[in-house]
Amino acid sequence: MTVWDDLVGQDRVQEQLGAAARDADALVTAQAAGEAVPAGSKMTHAWLFTGPPGSGRATAARAFAAALQCTSPDRALGGVPGCGFCDGCHTALIGTHADVEVIRTELLSIGVKETRDLVRRAQLSPAVGRWQVIVMEDADRLTEGAGNVLLKAVEEPAPRTVWMLCAPSLEDVLPTIRSRCRHLTLRTPPVDAVANVLVRRDGIDPERAASAARATQGHIDRARRLATDEQARARRAAVLKLPLRVHDVGGCLKAAQELIDTATEDAKQIAEGTDSRETEELKAALGAAAGGRMPRGTAGAMKELEDKQKRRRTRTQRDSLDLALTELTGFYRDVLALQLGSAVALANTDVRDALDRVAEDSTPERTLRRIEAVIACRGALDRNVAPLLAVEAMTMALRAG
């Protein structure tokens, strides 16, 4: 099993990264031997991975990071770095390598303070590996100030430091940063390839794997969750019933409230264990008394943690809502395909009766307006509109068609 095995349906990207890893290995070997650096290297100090959700941007970046740290003896015999078995590959993939730092945020944005700390660490030389690698999975969440802090580090990195930024599109990254990165675009993996991975690697029943891959349109993480989590399947089923419930104002408002309640409950369930653990750890670190009384001067630290936890719950709720809206968009996409007689494969074949019913009761023009209403709701949530107001406006627009 090589480091590239989890990179589904990205042969072109894998070939480019493999070539860069070979050149990076030759560069480090030449420097260690005091030889001239090979000319025409495909290796560079900053990379930008873009692609739609589920395409595997972060997976590609982590695989590349592992290949850069590969210590397999086969490399000397012409083998491609990234064996997947050596200590460098293994520790990089599981997240314990001292010189591979993966940055992901559970908050709505990445701020200046966190970025400055990261840039400071990136100036260090590798401790045990061949490169110092920073993988930023949510580069699109950098604030403008944080992006400007990162710019200097990307412009003038330490000699053996590699930045790997991941974002949905080029437009999600500051122009000054993306112009200094080598850009790789990933595509949505084919449905059949995702289903095959679920069967081969996760041992999922082939029929269920195919259904999950089709329903998520190639989004491998969502497909795995849908295939293995009964609660996720129940939530999806409830979302796909919404188009049949918006025939009157009362149904619209009730459906909107239920979507919000479900997202809030998801955020609460995810936060409960994490919040209590973080709170107890901070109290212990600050020297709280056995009875729970906090020392003087520690209120600010506790308030900062509470604010962080609140922002994390907000993001979790937004992510849950966004997933529901994505599934709703997929439903109306199937409706439109039926109305136009398209040969495109349907994603939601398990609710074919509902698709047929909505398709017969409306027109392609109304379906397009409904898709636009869902997209507008996602945009409103991105602009921090109150979630209930945004979803109520959407359900009313779905009713009007």
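Keep in mind that this is a model prediction, so the values were computed, not measured.

Considering helix α10 (residues 230-240)
Phase 1 of the analysis: If you check which residues of α10 are buried, you get Ala232, Arg235, Arg236, Val239 and Leu240. Seen from one end, α10 has its buried residues packed into an arc of 135°, which puts them on one side.
Phase 2 of the analysis: Measuring from the side-chain oxygen of the N-cap residue of α10 to the backbone nitrogen of glutamine 231 gives 2.9 Å; that N-cap residue is aspartate 229.

So, the pattern of salt bridges
Phase 1 of the analysis: Enumeration according to the criterion identifies 18 salt bridges in this entry.
Phase 2 of the analysis: Aspartate 6 serves as the salt-bridge partner of arginine 201, at 2.1 Å between the closest nitrogen and oxygen. Residue arginine 201 is found in helix α7 (residues 191-202), and its partner aspartate 6 is found in the segment before α1 (11-32); the two are separated by 195 residues along the sequence.
Phase 3 of the analysis: For arginine 201, a relative accessible area of 31% gives the class partly exposed.
Phase 4 of the analysis: Look at aspartate 6 and you get partly exposed, because its relative accessible area is 32%.
Phase 5 of the analysis: In this structure, the salt-bridge partner of arginine 224 is aspartate 202, at a minimum N-O distance of 3.0 Å. You can see arginine 224 sitting in helix α9 (residues 220-228) and its partner aspartate 202 sitting in helix α7, a full 22 residues away along the chain.
Phase 6 of the analysis: By relative accessible area, which is 22% here, arginine 224 ends up partly exposed.

Quick notes on a nonpolar patch on the surface
Phase 1 of the analysis: Together, Val249, Leu253 and Met396 make up a nonpolar patch on the protein surface, roughly 210 Å² of accessible area in all.
Phase 2 of the analysis: Residue position: methionine 396 is located in helix α15 (residues 387-400).
Phase 3 of the analysis: Since its relative accessible area comes to 31%, methionine 396 is described here as partly exposed.

Let's talk about the confidence of the model for the protein chain
Phase 1 of the analysis: With 96% of its residues at a pLDDT of at least 70, the protein chain reaches an overall mean of 88.
Phase 2 of the analysis: When mean pLDDT is compared element by element in the protein chain, strand β1 (residues 46-50) scores highest at 96, while helix α11 (residues 249-285) scores lowest at 82.

With respect to empty space enclosed by the protein
Phase 1 of the analysis: Counted under the stated rule, the structure contains 1 cavity of 30 Å³ or more.
Phase 2 of the analysis: For the largest cavity, the calculated volume is near 40 Å³.
Phase 3 of the analysis: Together, Ala21, Ala24, Asp25, Ala67, Leu68, Cys70, Arg75, Pro81, Arg130 and Trp131 line the largest cavity.
Phase 4 of the analysis: Broken down by element, the lining of the largest cavity gets its largest block of residues, 3 residues, from α1.

Details of the sheet that holds strand β3 (residues 132-136)
Phase 1 of the analysis: Spatially, β2-β3-β4-β1-β5 is the arrangement adopted by the 5 strands of the open sheet, whose pairing is parallel. The open sheet has two edge strands with one neighbour each: β2 (100-103) and β5 (182-185). Each strand axis lies, on average, 15° off the axis of its neighbour in the sheet, ignoring direction.
Phase 2 of the analysis: Here β3 runs beside strand β4 (residues 161-167); their pairing, made up of 5 bridges, is parallel. Its bridge partner being in β4, valine 133 is matched across the sheet by valine 162.
Phase 3 of the analysis: Across the sheet, helix α4 (residues 112-122) touches β2, β3 and β4, and the angle it forms with β3 is around 155°.

A short note on the layout of surface pockets
Phase 1 of the analysis: As a volume, the second largest pocket reaches approximately 590 Å³.
Phase 2 of the analysis: Contributing to the lining of the second largest pocket are 19 residues, with Leu107, Glu114, Glu304, Lys308 and Arg311 lying nearest its centre.
Phase 3 of the analysis: Here the lining of the second largest pocket takes 6 residues from helix α12 (residues 299-340), the largest share from any one element.
Phase 4 of the analysis: Tallied by class, the residues present in the lining of the second largest pocket amount to 7 nonpolar, 2 polar and 10 charged.

So, the side chain of histidine 97
Phase 1 of the analysis: Structurally, histidine 97 can be placed in the loop between α3 (87-94) and β2.
Phase 2 of the analysis: From its side chain, histidine 97 meets the backbone nitrogen of aspartate 99 in a polar contact 2.9 Å long.
Phase 3 of the analysis: When near neighbours in sequence (up to four residues on either side) are disregarded, histidine 97 contacts Gln69, Gly88, Thr91, Ala92, Val128 and Gly129.

As for the environment of arginine 141
Phase 1 of the analysis: Tracing the backbone through its elements, the reader meets arginine 141 in the loop between β3 and α5 (144-155).
Phase 2 of the analysis: Residues arginine 141 and glycine 111 lie 30 residues apart in sequence; the distance between their C-alpha atoms is 8.6 Å.
Phase 3 of the analysis: Not counting residues up to four positions away in its chain, the partners in contact with arginine 141 are Thr105, Leu107, Leu108, Ser109, Ile110, Arg315 and Asp319.

Brief notes about the packing of α4 against α5
Phase 1 of the analysis: Close contact between α4 and α5 brings their axes to 8 Å; oriented N to C, the two are set at 10°. As far as their axial angle goes, α5 and α4 are roughly parallel. Counted together, Val112, Thr115, Arg116 and Val119 of α4 and Gly145, Ala146, Val149, Leu150 and Ala153 of α5 form the full contact between these two elements.
Phase 2 of the analysis: Residue composition of the contact of α4 with α5, grouped by class: 6 nonpolar, 2 polar and 1 charged.

Rules used throughout
- The numbering scheme is per chain: residues are counted from 1 as the chain's sequence reads.
- Where totals are concerned, whole chains, interfaces and linings use all residues; where local detail is concerned, this predicted model gives features only for residues with pLDDT of at least 70, and gives and counts side-chain atom pairs only at 80 or more.
- The side-chain numbers reported here are obtained from all heavy atoms of the structure, hydrogens and water having been left aside.
- Relative accessibility decides the category of a residue: with a 1.4 Å probe and only protein chains considered, values under 20% of the type maximum give buried, values over 50% give exposed, and everything between is partly exposed.
- In this description a helix means any DSSP run of H or I spanning at least four residues, a strand means any run of E spanning at least two, and both kinds are numbered starting from the N terminus.
- By construction, the arc corresponds to the directions joining the helix axis to the C-beta atoms.
- Contacts described as polar in this section are N or O atom pairs within 3.5 Å, which, within protein, must combine one atom able to donate a hydrogen with one able to accept it, while residues neighboring in sequence count only if both atoms come from side chains.
- Each salt bridge in this description consists of a side-chain nitrogen of Lys or Arg and a carboxyl oxygen of Asp or Glu lying within 4 Å of one another.
- Residues forming no salt bridge and having over 30% relative accessible area are the ones grouped into patches, like charges within 9 Å of each other and nonpolar side chains (Val, Leu, Ile, Met, Phe, Trp, Tyr) within 5 Å.
- Only the protein chains shown count as cover for residues, and all accessible areas are computed by the Shrake-Rupley method using a 1.4 Å probe.
- The pLDDT value tells you how sure the predictor is about a given residue, anywhere from 0 up to 100.
- A 1.4 Å probe that fits into a set of points on a 1 Å grid over the protein atoms alone but cannot get out defines a cavity; an open set with protein on both sides within 12 Å along at least five of seven lines defines a pocket, and lining residues are those with an atom within 4 Å of a point.
- Grid points are joined across faces, edges and corners, and a volume is the space filled by probe spheres set on the points.
- Two strands are said to pair when DSSP picks up at least two bridges between them.
- Lines fitted to C-alpha atoms define the axes here, with helix axes fitted over just the stretch in contact, and angles between the N-to-C directions of these axes take values from 0 to 180 degrees.
- In what follows, residue pairs with any heavy atoms lying within 4.5 Å of each other are defined as contacts.
- Polarity classes work like this: nonpolar for Ala, Val, Leu, Ile, Met, Phe, Trp, Tyr, Cys and Pro, charged for Asp, Glu, Lys and Arg, and polar for all others, with Gly in that last group.
- An angle counts as roughly parallel when it lies under 35 degrees, as roughly antiparallel when it exceeds 145, as roughly perpendicular when it falls between 65 and 115, and as oblique in every other case.

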